Amino acid sequence: MKPTYILMVLTLIAFSSCKKSLENKYNEINKNRVPAAKSTTELVVSENFNWQTKKSINLKLESTETYPAIIYTLEGELIGKFMVIAGKESIIPINTASNQTQVRILFLEKEYFVDINQDQVTVKLN
Amino acid sequence: MKKILSLALFLVLLSFQNFAQTVWTAKASGSWSSAATWTRSGSGGGTANTPPNNLGNNQRVVIGGGFTVTQSSNDIEINGTARLTIENGGKLNMGNGRGLTQKNISSFFTINNGTYENNSVGSGGNLKIEAGTFEWTNASIFASGNLEFKNFAVGNMTNVCLQVKQNTLLEGLGNTSSYSNISNVFLLTGTSGSGNLSIKDNSFIKSNNWKIRVGSNSGNAEILNSTINGNIYSIDANDELKVTSLAGNPSLSIYCADKITPNLNAFTGTKTNNCATASAQTCNGIPSIDADLDGINDNLDDYPSDQYRAFKSNFPNSGYATLMFEDLWPNKGDYDFNDLVIDYKYETVTNASNQVVEVNYTFVLKAIGAGLHNGFGFQLDNVAPDKITSISSITKTNNAAWLSKNTNGTEAGQTFANVILYDDVYKSLPWPGVGNMVNVYLDGPGANPYVTPDTLRFTITFLNNGTAPSGGTLSISQFPSSAFNPYLICGEEGTWNQLRNKEIHLPNRIPTSKASLAFFGTASDDSNPTSGKYYKTKENLPWALEIFESIPYMKEKVDISEGYSNFLNWAESNGASFTSWYQNLTGNRVNTNFYIR
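Computed from a predicted structure; not experimentally measured. (Residues numbered from 1 in each chain as written. Chains lettered and ligands numbered in written order. Predicted model: local features only at pLDDT ≥ 70, side-chain atom pairs only at ≥ 80, totals over all residues. Heavy atoms only, no water.)

1. Let's talk about the overall build of chain A
Per the secondary structure count, chain A includes one helix and seven strands. The secondary structure elements of chain A, listed N-terminal to C-terminal, are α-β-β-β-β-β-β-β. Counting only residues that meet the buried cut, chain A has 38% of its 126 residues in that class. Taking contacts inside chain A between residues at least 6 apart in sequence as the whole, the part at least 24 apart equals 54%. Looking at chain A as shown, the accessible area adds up to about 7800 Å², and 56% of this sits on carbon and sulfur atoms. (Helix = DSSP H or I, 4+ residues; strand = E, 2+ residues; numbered from the N terminus. Buried < 20%, exposed > 50% of the residue type's maximum accessible area, 1.4 Å probe, protein only. Contact = heavy atoms within 4.5 Å. Areas by Shrake-Rupley, 256 points an atom, 1.4 Å probe, with all protein chains shown as cover.)

2. Concerning the pairing of strand β13 (residues 133-143) of chain B
All names here are of chain B. Of all 11 residues making up β13, eight are buried, and the element is well covered by its neighbours. As paired strands, β13 and strand β14 (residues 147-164) are joined by 10 bridges and run parallel to one another. Note that in β14 the partner of Trp136 across the bridge is Met157. (Pairing = 2+ DSSP bridges.)

3. So, the nonpolar core
The biggest cluster of nonpolar side chains holds 111 residues, and the ones touching the most others in it are Leu59 of chain A together with Tyr361, Phe363 and Phe458 of chain B. When residues of this core are assigned to their parent elements, the largest contribution, six residues, is made by strand β24 (residues 356-367) of chain B. Discounting residues that sit within four places of it in the chain, Phe363 of chain B has contacts with Ile342, Asp343, Tyr344, Phe376, Phe378, Leu421, Asp454, Thr455, Leu456, Phe458 and Phe484 of chain B. Counting 57 residues, the second-largest nonpolar core is a separate cluster that includes Ile129, Val160, Leu197 and Ile223 of chain B. (Core = buried A, V, L, I, M, F, W, Y, C linked by side-chain atoms within 4.5 Å.)

4. Some details on the interface of chain A and chain B
Contact with chain A, which involves 46 residues of that partner, is made by 58 residues of chain B. At the boundary of chain A with chain B, total buried surface from both sides reaches about 4400 Å², with 53% on carbon and sulfur atoms. Run the count over chain A and chain B and you get two salt bridges. Across the pair Asp302 of chain B and Lys81 of chain A runs a salt bridge whose closest N-O atoms are separated by 2.8 Å. At the boundary of chain A and chain B, one finds 23 residue pairs in polar contact (both at pLDDT 80 or more). If you list the elements that add at least two residues to the side of chain A that touches chain B, you get β1 (54-63), β2 (67-73), β3 (78-84), β4 (90-97) and β5 (102-107) of chain A. (Buried area = accessible area lost by both parts, 1.4 Å probe. Salt bridge = Lys/Arg side-chain N within 4 Å of Asp/Glu carboxyl O. Polar contact = N/O pair within 3.5 Å; in protein donor to acceptor, adjacent residues only side chain to side chain.)

5. Some points on the environment of Ala367 of chain B
Residue and element names in this part refer to chain B. Along the chain, the position of Ala367 falls in strand β24. The class of Ala367 is buried, set by a relative accessible area of 0%. Along the primary structure Ala367 and Phe186 are separated by 181 residues, whereas in three dimensions their C-alpha atoms are 53 Å apart. Not counting residues within four places of it along the chain, the set of residues in contact with Ala367 comprises Asn338, Asp339, Leu340, Val341, Leu429, Val438, Asn439, Val440 and Tyr553.

6. Here's the deal with the sheet that holds strand β6 (residues 110-115) of chain A
Residues and elements named next belong to chain A. The antiparallel open sheet is built from four strands, whose spatial order is β3-β2-β5-β6. Only two strands of the sheet have a single partner each, and these edge strands are β3 and β6. Shown here is a sheet whose adjacent strand axes are inclined to one another by a mean of 25°, direction ignored. (Axes fitted to C-alpha atoms, helices over the stretch in contact; angles between N-to-C directions.)

7. A look at the side chain of Glu130 of chain B
Residue and element names in this part refer to chain B. For Glu130, the position within the fold is in the loop between β12 (127-129) and β13. Comment: no salt bridge for buried Glu130; closest opposite-charge side chain is Lys128, at 4.2 Å. Apart from the residues within four sequence positions on either side, Glu130 is in contact with Thr101, Gln102, Lys103, Lys150 and Asn151. (Lys, Arg positive; Asp, Glu negative; His and termini not counted.)

8. Focus on the packing of aromatic side chains
Residues and elements named next belong to chain B. Throughout the structure, instances matching the rule amount to 47 aromatic pairs over all chains. Each ring, one from Trp329 and one from Phe520, has its centre 5.9 Å from the other, and the planes form 70°; the classification is edge-to-face. Pair noted here: Trp329 is in the loop between β22 (321-325) and β23 (340-350) and Phe520 is in the loop between β30 (498-505) and β31 (544-547), with a separation of 191 residues, a long-range link. Given a relative accessible area of 1%, Trp329 falls into the buried group. Following the ring pairs from residue to residue traces out a cluster consisting of Phe315, Phe325, Tyr344, Tyr346, Tyr361, Phe363, Phe376, Phe378, Phe458, Phe484 and Phe548. (Phe/Tyr/Trp six-rings, centres within 6.5 Å; stacked < 30°, edge-to-face > 60°.)

9. Points about the pattern of salt bridges
Residue and element names in this part refer to chain B. Considering all chains together, one arrives at 20 salt bridges over all chains under this definition. A salt bridge links Lys332 to Glu539; the shortest N-O distance between them is 3.6 Å. Of the two residues, Lys332 is situated in the loop between β22 and β23 and Glu539 in the loop between β30 and β31; the sequence distance between them amounts to 207 residues. The exposure class of Glu539 is partly exposed, given its relative accessible area of 25%. Salt-bridge contacts for Arg509 lead to Asp381; the nearest nitrogen and oxygen are separated by 3.0 Å. You can see Arg509 sitting in the loop between β30 and β31 and its partner Asp381 sitting in the loop between β25 (375-380) and β26 (390-391), a full 128 residues away along the chain. Given a relative accessible area of 10%, Arg509 falls into the buried group. Shared partners join several salt bridges into a network, and the residues in it are Asp306, Arg309 and Glu358.

10. Examining the confidence of the model for chain B
All names here are of chain B. Here chain B shows a mean pLDDT of 89. Residues at 70 or above account for 90%. Contacts for the low-pLDDT stretch residues 10-17, under 50 throughout, to residues beyond four places or in other chains number zero contacts. Two numbers describe this predicted complex: its pTM, 0.73, and its ipTM, 0.76. (pLDDT = per-residue confidence, 0-100.)

11. Some words on the environment of Leu380 of chain B
All names here are of chain B. Positionally, Leu380 belongs in strand β25. Assessed through its relative accessible area of 1%, Leu380 is described here as buried. For the pair Leu380 and Leu488, spaced 108 residues apart in sequence, the C-alpha separation works out to 15 Å. Setting aside residues no more than four positions away along its own chain, Leu380 makes contact with Tyr361, Ile388, Phe416, Ala417, Ile460, Phe462, Phe479, Ala483 and Phe484.

12. Some remarks on unusual backbone geometry
Residues and elements named next belong to chain B. Here the bond from Phe315 into Pro316 is cis, since omega is -10°, no more than 30 degrees from zero. As for its placement among the helices and strands, Pro316 is situated in the loop between β21 (311-315) and β22. The peptide bond linking Trp329 to Pro330 adopts the cis configuration, its omega dihedral lying at 5°. With respect to the element layout, Pro330 can be found in the loop between β22 and β23. The backbone phi angle of Asn439 is positive, close to 60°, even though this residue is not glycine. The residue Asn439 is located in the loop between β27 (417-422) and β28 (454-461) in this model. At Ala523, a residue that is not glycine, the phi angle is positive and equals roughly 50°.

13. Comments concerning the sheet that holds strand β7 (residues 120-125) of chain A
All names here are of chain A. Strand order in the open sheet formed by three strands is β4-β1-β7, with mixed pairing between adjacent strands. Since the sheet does not close on itself, it has two edges, and those belong to β4 and β7, each with one partner. If you compare each strand with its neighbour and ignore which way they point, the axes differ by 30° on average. Examined bridge by bridge, β1 and β7 share six bridges and lie parallel to one another. Directly across from Leu61, in β7, lies its bridge partner Val123.

14. Description of the pairing of β30 of chain B
All names here are of chain B. Taking burial as the measure, the eight residues of β30 include six buried ones, the bulk of the element. Direction of pairing for strand β29 (residues 484-491) relative to β30: antiparallel, over a ladder of four bridges. Across the sheet, residue Ile489 finds its bridge partner in β30, namely Glu503. Taking the residues between adjacent antiparallel strands as the criterion, β29 and β30 are bridged by six residues, where Gly494 takes a positive phi near 85°.

In structure tokens:
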């Protein structure tokens, strides 16, 4: 056998082995993957999937002053006004669209930017 | 035909007007001269990304949303048909020595729940209304220079705190045909220690509860050649108060003046020398007026004349939310989510103690993509029925045999408060007589005429003039939006009746006391009350969706994913991506698959 043929055979064996290995790897990665749904009927989601398009948060507002807090979205939409009572935790439930990440609170002429990535957020004002 | 032409002309003019004006609206706190502060609409007044310092024809600036816009390097002028509006908690903050002048008879300066402020350390920073119109309501104004009104500028001030570091000059405010109105206004001029007040040159003013202090240490007041109808309380002229040619016979209550010229016996009112009373009047940078004495100053009080109400908040923040149901539960539907489509919003009114006073609801029944005669209602989770005083008349129920109510209007026999809005949605959004169902077919054999959506408004009263019902008060902390638990009451197959024990709720929302648990776990339903899983399939798919804004719904038999291109992507990412799938953004919607008239 000429050396060229030997080299070709070895290359084919190596290629075949490599392909097999890649196939195994591909199958390993995809064995638990659900195929992408083409319609809602085919859709499968996890039990903890949140179907809500709104975000509901409890703001715990604390201050040494009694005064109204005005809460806005970052775009300036008014969410609501509520009284903050000095020395007490004022728990205020608010809502925004689920893709909002912050709200803005105006209190005694100061503004506070508050992350809303948890169900309950404590905010110390002044 | 004439009406149609008139309407067309009106619409053309309207669109032209919108086009003809450029409006810069603050979208963030920041500098007047920064493009990041503004969003621009229209082009008739120019296409710059920031408003000019010298506003002119067809230019409007709106500062709201609680944003503060700072102009620290230039004066601002309002000329021509320009309008400056400060509203909704907005503030225009002028830098050291900078001022604002309104110069043209066609110009307009509005403040509604807003602040104009110049807290310069030095002098300068005049606020001048030299012509045109002003409307200031629930406003706080601080000028570091003079405050001046001239040339018969006309306007209204209601619930306004005016603090002027130097002099206040009302030299031609109002005119014989249009008096300027001043109501519930506190004017402190001379906060620097000394300052004068001059009302003269044929000013025409109607006043009510107008309190004036002139100079915290020294100051003269003069009212010359003017007409004032109404009253002025607490004129505190530290030095001389001079009044000549004052018409209108106002009631003056003068508490403090070293010298009054001439003798004011001709006028009604009181003249006491009580400087302590006069100097006790302040406004501390905000309108200190609390007309209803509920503890919330009027500029922050959504109900300034109602001691039992203070604030309102809206769900959603603006516009409507949309509810969309599939009604074949516990069997899977076709996922067009149009068997019942209802938009809704509500306004929660609270008092100064954060107690819920009332909730004003609006529901818009838009489509019935169902043959069943379903009903619709909602539960307020964890709110006992006796927390409610009354529910204003709901006219969309038709004495269904299964519906009985408590005296306060809630459904009888429920653990939590339930309100039934429709006992048969077809009776409020009727089949038009041809085609299939209501407002879900645009074409084909099922097509039928559009039926105008049915709007239902009503109020749930918790506190009636401050009086709680037998169950006591309800704090806002006990009333999150998640208390609102809407549900469809399933129609009975083959009849026009409803099955009161068969409800369809949003995913993971609890059923009411009237619902039968026997349906759970049957057919495609995989609800498990023990684990808190409700109204979802084994694949965790819902029978109802709630969207945070009003969105178009699907044509009959068209899967929701064919209208909302990223709906499946959102769900398959477990909510991590495509969170704006329902919004009208590029790539999100296929409008031809929606029922849009």
